Amino acid sequence: MLPLAGMQTRRALSSLLCVMSCAWLHSGLASRHKSPVLPIHSEREPLPSKGMSGCSFGGRFYSLEDTWHPDLGEPFGVMHCVQCYCETQRGRKSKVLGKVSCKNVKRDCPEPSCDDPVLLPGQCCKTCPKGEVDRKQAEAVFDGFEYFQEKEKEDDLHKSYNDRSYLSSEDISSGESRTDFVAVLTGVTGSWLPSSSGVARARFSLTRTSLTFSITYQRIERPSRVAFLDSDGNTAFEYKTPMRDSDMICGVWKNLPQSHVRQLQAEQLRVTMTTATGRREQIEGKIIKHRALFAETFSSTLTSEKEHSGMGGIAMLTLSDTENNLHFILILQGLIQPRQRDSPLVPIRVRLQYSQHVLREIHANVTAYDPDFAEVLTDLNSRELFWLSRGQLVIAVETEGPDPRHISGFITGRKSCDTIQSVMSSGDALTAGKTGGVGSAFFHLHDNGTLDYQVQIAGLSSEVVGLTIELKPRRRSKRSVLYDLAPEFDRPSGRATGSWSRLEARHIHMLLQNELFINVATAHSQEGELRGQIRGLLYSGLEAPRHEIPIPLAGQFVAPPVLTSAGGHAWVSVDERCHLHYEIVVAGLSKADDLTVSAHLHGFAEIGELGESSTNHKRLLTGFYGSQAQGVLKDISVELLRHLDRGTAFIQVSTKVNTRGEIRGRVHVPNNCEFGTRGEVEVAEFDGLFVHDPEELKKDPHTCFFESQHHAHGSLWTPNYNNCFTCSCQKRTVICDPVICPVLTCSRTIQPEDKCCPVCLERKDPKNMKTPERLDEHPEGCYFEGDQKMHAPGSTWHPFVPPFGYIKCALCTCKGATGEVHCEKVTCPALTCSRPVRRSPSDCCKECPEEDKPLLVHADMMQADGTRHCKFGKNFYQNSDNWHPRVPLMGEMKCITCWCDHGVTKCQRKQCPVLTCSNITRREGMCCPECQDSKEEEEELMKVPEKKNSWRH
């Protein structure tokens, strides 16, 4: 349960209400429309965009012409059917201003071409299920490029194995193909700098608002900086390259402005690289989209032997799926001389060579304004394929005529900053299961075709009898084993480390197309207890040590152990500033889990110390959808850093199904942060967890601004407006919960002035005279990590667990004799009524219903006790009232229920049960998926046509 009290949620919903109310006004007069008052009143955080033209919406700043889907926070989430736009307007004195306008885009959805369209998570429009439609879209991507078309594979009519995890190159959509870009960088002609001999190939991947780049270079010193130039030639972003002994540059341009994203899509951005040592050189190239990037598995950078020629090029190559045909595309720069530009066609010669011997030769013509060239080399023999796998083939391009110009380069497997890795889980095994075990592997492909590997296996139910790299099987009884890793497997450590030096060219192609698997067979599961797809993990820019074996995350490591189908691994590091970098990958959740959480994973990751003591230090890393989570945790307690250094810390991933932990792994990160970056701070109540420089807090994008103060992400505090509330900061969102007092069973109570809850007033009894002496052993009481407060000996309270707030279904007690906190589930009383009700969704126990009370009129409600009633939008609600909120453009949100809890409005989305059936569907008008029986479903749909027609998303 997440209360609708976050500052970001209030701003977003208020902004949307305001924008839509203004949009509904048809008169030209200005209207002062007051946005609805939501539970928390806080000052508006000063926007970091002062002096810039744009739009402010929901506490965020957007550049002119930006578009976005408004995020109303939990439990509403992102309104995917509402699109907002920052319009450009001219104000007084021709000043450029921004105005937000939002519209419902659902009416613009195209009509699906299939009979049974589905609504995918994160989408507004229904689409046809993956299958024939996606295959046709993938073919359309390469329409006109015959050499890159995929041949249709045989259908598997009798699959008796689990094929859920397989993700092949066929699973592409036309939208995804536009996320990859490429650039060829050569010497700049006409610059004040002398032309360079250097050539670089840059590959880019656009993910939401970040641009990841991998750059390889030749015949140039290591560049000191990489700069991106916009359409006007101005520097839009600059990246200083770390000085390493490598010909690879890896980086991320984060938070691209929407204007630059549009320029990137329109091929209007350029990238330059400049050296700082020795003879200063600069190379430059245009960033373009190219359809061949998706299928590319081999590549070559073509350079010239002439000094400062300014010539260069790249070759993108791939093998056919079933035949030994090598398809390639050449992108050439500077090869055509200026005097040849007047000729309509320029003849070139393309050669495939091995050790100066010409194996194949192609003659063709290119134009001066479009020097790209594409061709296919058919039926490569076994020697040619062998040389291709060893990186010994050369592709050379030469112009024909009296003054030929020549460039060439070796062909190797595609180079990238991405990590080739695999998570093995029982859920992805050929026969899916739930064992709680995990396997983790990562690989490195060398230019000579050697594949280094490191594999770790943990939490298995029996002894490992097989460890193999395989192809996708056509049938369970016909597994295709390519390589046996078992001889390198060390059973005591559960690890296998070695090199596969005989990869064929076909194997390299399949490896880089995500078409290989790693299988773990055990004595109890001869066909395989664990299995995982070997896939590339996009470079993130974090300082997590991907060159090391990751930390395995398994259900068997959870306390108590969980027999789950999921597995995972994580890379964790601590930098010189004592900030924690982490990357987590999860695989193997069952189909029922996937439907329940609307993705591969919906949960939260946390880090803490091992053990179940009351003083353990646990921090929320992130809540996330999908199969990955990554980020940087900056505010870490000194105690937790010590546990990381000693290897007594853990990372845990929880889901809706297993809220107390789905998978977990022990973390050991040696560090020199004994005193942290802030020094040892002796603070009794808050343990020095969130002591920050105010100026540093302002720079942190996850900081919350509340009551004129900045609060670090993950911090807790008592607000000034009411000391009986506890607030927490969760990534720019403030969540405040009222203190929930436990039910007292004593006959006499007293309300201390400095306490929020009453306490029992017990009579002095001679039998209890020794109690104070016993409690004096721990006079300070108990420290509880949840609310980060000291509690008096013998006191009881409901635990506070951020970001979920106070948990009514648990009760904690401070044991005065030991200073320990003991928490247990609340026992609900027996009820005598026949139809008990739950007064509000957050209540733990049901109650017998009371007689209906007359509703207060508006005037009476305004005079009533303000802390017992709630105002949501323009409506007032009594304590314990519940309702479905209304959102502009979307109407009533029937899958979300809000209620009034003593003056605080709280909302939560309907919790859906876990389904175990195989035929699952989701009907319009229903909040949760359900099991479908064809006959009963048809009869049910015939009975309630009105609901189906009246449903609004």
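From a predicted model like this one, the values you see are computed outputs, not experimental measurements.

K.L.:
Just checking my understanding: could you explain the sheet that holds strand β44 (residues 716-717) for this structure?
P.N.:
Picture the strands of a sheet paired through backbone hydrogen bonds; they go either parallel or antiparallel. The 3 strands are arranged β44-β45-β46 in an open sheet whose pairing can be described as antiparallel. Sheet topology places β44 and β46 (733-738) at the edges, where each strand pairs with a single neighbour. As paired elements, β44 and strand β45 (residues 725-730) share 2 bridges and run antiparallel to each other. Paired with Trp717 across the two strands is Cys727, which belongs to β45.

K.L.:
Would you mind going over the nonpolar core with me for this structure?
P.N.:
For soluble globular proteins, the rule of thumb is that nonpolar side chains tend to be buried together. Counting 58 residues, the largest nonpolar core has Leu330 and Val455 as the members making the most contacts within it. The residues touching Val455, leaving out its near neighbours within four places in the chain, are Met424, Ser440, Ala441, Leu467, Leu485, Gly494, Arg495, Ala496, Ile518 and Ile549. With 27 residues, the next largest nonpolar core counts Cys578, Ile607, Leu640 and Ile663 among its residues.

K.L.:
Even after reading the chapter, I still don't get empty space enclosed by the protein, so can you show me in this structure?
P.N.:
A probe matching the size of a water molecule, rolled over the atoms, marks out where space remains unfilled. Considering all chains together, one arrives at 3 cavities of 30 Å³ or more under this definition. What the second largest cavity holds in volume is close to 40 Å³. Phe328, Val350, Arg351, Leu352, Arg360, Glu361, Ile362, Leu377 and Ile395 together form the lining of the second largest cavity. Within the residue set of the lining of the second largest cavity, elements represented by two or more residues are β18 (346-354) and β19 (357-366). Tallied by class, the residues present in the lining of the second largest cavity amount to 6 nonpolar, no polar and 3 charged.

K.L.:
Whenever I open this one, unusual backbone geometry confuses me. Can you help?
P.N.:
Only a minority of non-glycine residues have a phi that is not negative, and only a minority of peptide bonds are not trans. Of the consecutive residues Ala559 and Pro560, the connecting peptide bond is found in the cis state with omega at -10°. Structurally, Pro560 can be placed in the loop between β34 (551-553) and β35 (567-574). Backbone geometry places Gln356, a non-glycine residue, at a positive phi of 70°.

K.L.:
I would appreciate a short explanation of the packing of aromatic side chains in the present structure.
P.N.:
The way to describe two aromatic rings as a pair is by their centre distance and the angle between their planes. One pass over the full model with this rule turns up 12 aromatic pairs. Judged by centre distance (6.2 Å) and plane angle (65°), the rings of Tyr453 and Tyr483 are edge-to-face. Linking Tyr453 in strand β26 (residues 451-458) with Tyr483 in strand β28 (residues 481-484), this pair joins segments that are 30 residues apart in sequence. For Tyr453, a relative accessible area of 2% gives the class buried. Aromatic rings pair up to connect Phe204, Phe213, Phe228, Phe237, Tyr239 and Trp253 into one cluster.

K.L.:
How should I be thinking about the pattern of salt bridges in this particular structure?
P.N.:
Close approach of charged atoms allows side chains with opposite charge to pair. Applying the stated criterion to the full structure yields 21 salt bridges. Taking the shortest distance from any N to any O, the salt bridge between Glu639 and Arg646 comes out at 3.9 Å. A residue is classified by how much of its surface remains accessible, and Glu639, at 24% relative accessible area, is partly exposed.

K.L.:
I keep staring at the sheet that holds strand β58 (residues 882-883) and nothing clicks. Help me out?
P.N.:
As summarised here, the arrangement of the 3 strands in space is β58-β61-β62, forming an open sheet in which the pairing is antiparallel. Bordering the open sheet on either side are β58 and β62 (904-909), each of which pairs with just one other strand. One ladder, built from 6 bridges, connects strand β61 (residues 896-901) with β62; its direction is antiparallel. Pairing of Asp901 across the sheet is with Val904, part of β62.

K.L.:
Would you take a moment to explain the state of the cysteines for this structure?
P.N.:
In a disulfide, the sulfur atoms of two cysteines are covalently bonded to one another. Under the criterion given, the structure shown has 12 disulfides. Here Cys578 connects covalently by a disulfide to Cys673, the sulfurs 2.0 Å from one another. Measuring the twist about the S-S bond at about -100°, one finds the Cys578-Cys673 disulfide to be left-handed. A residue pair is termed long-range when its members are at least 10 positions apart, and Cys578 in the loop between β35 and β36 (580-587) and Cys673 in the loop between β41 (663-667) and α9 (694-699) qualify at 95 residues.

K.L.:
Quick question: what am I supposed to make of helix α4 (residues 258-265) here?
P.N.:
Because each turn of an α-helix spans 3.6 residues, side chains separated by three or four positions end up pointing in the same direction. Residues of α4 that are buried include every one of His260, Val261, Gln263 and Leu264, and no others. Burial along α4 is one-sided: seen end-on, the buried residues are contained in an arc of 160°. Looking at the buried residues of α4, the elements they touch are β6 (180-187), β7 (199-207), β8 (210-218), β10 (235-240) and β11 (248-253). A positive backbone phi angle near 60° is found at Glu267, which sits one or two residues after α4.

K.L.:
Would you take a moment to explain the pairing of β26 for this structure?
P.N.:
Each regular strand shows side chains that alternate between the opposite faces of the sheet. Of all the 8 residues making up β26, 6 are buried; the element is thus mostly covered by neighbouring parts of the structure. Sheet topology note: the strand β25 (residues 438-445)/β26 ladder contains 8 bridges and is antiparallel. Within β26, the residue paired with Phe442 across the bridge is Gln454. Count of turn residues in the β25/β26 antiparallel hairpin: 5 residues, of which Gly449 carries a positive phi of about 90°.

K.L.:
Can you walk me through helix α6 (residues 505-512) in this structure?
P.N.:
Counted residue by residue, α6 has 8 buried out of 8 residues, so it is predominantly covered. Among all positions of α6, only Ala505, Arg506, His507, Ile508, His509, Met510, Leu511 and Leu512 are buried.

K.L.:
Would you explain the environment of Arg502 in this entry?
P.N.:
Structurally, Arg502 can be placed in the loop between β30 (495-500) and α6. Separated by 19 residues in the primary sequence, Arg502 and Tyr483 have C-alpha atoms spaced 9.4 Å apart.

Rules used in this analysis
- Residues numbered from 1 in each chain as written.
- Predicted model: local features only at pLDDT ≥ 70, side-chain atom pairs only at ≥ 80, totals over all residues.
- Heavy atoms only, no water.
- Pairing = 2+ DSSP bridges.
- Helix = DSSP H or I, 4+ residues; strand = E, 2+ residues; numbered from the N terminus.
- Core = buried A, V, L, I, M, F, W, Y, C linked by side-chain atoms within 4.5 Å.
- Buried < 20%, exposed > 50% of the residue type's maximum accessible area, 1.4 Å probe, protein only.
- Contact = heavy atoms within 4.5 Å.
- 1 Å grid on protein atoms, 1.4 Å probe; cavity = no way out; pocket = protein on both sides within 12 Å on 5 of 7 lines; lining within 4 Å.
- Points joined across faces, edges and corners; volume = space filled by probe spheres on them.
- Nonpolar A, V, L, I, M, F, W, Y, C, P; charged D, E, K, R; others polar.
- Phe/Tyr/Trp six-rings, centres within 6.5 Å; stacked < 30°, edge-to-face > 60°.
- Salt bridge = Lys/Arg side-chain N within 4 Å of Asp/Glu carboxyl O.
- Disulfide = S-S within 2.5 Å.
- Arc of directions from axis to C-beta.

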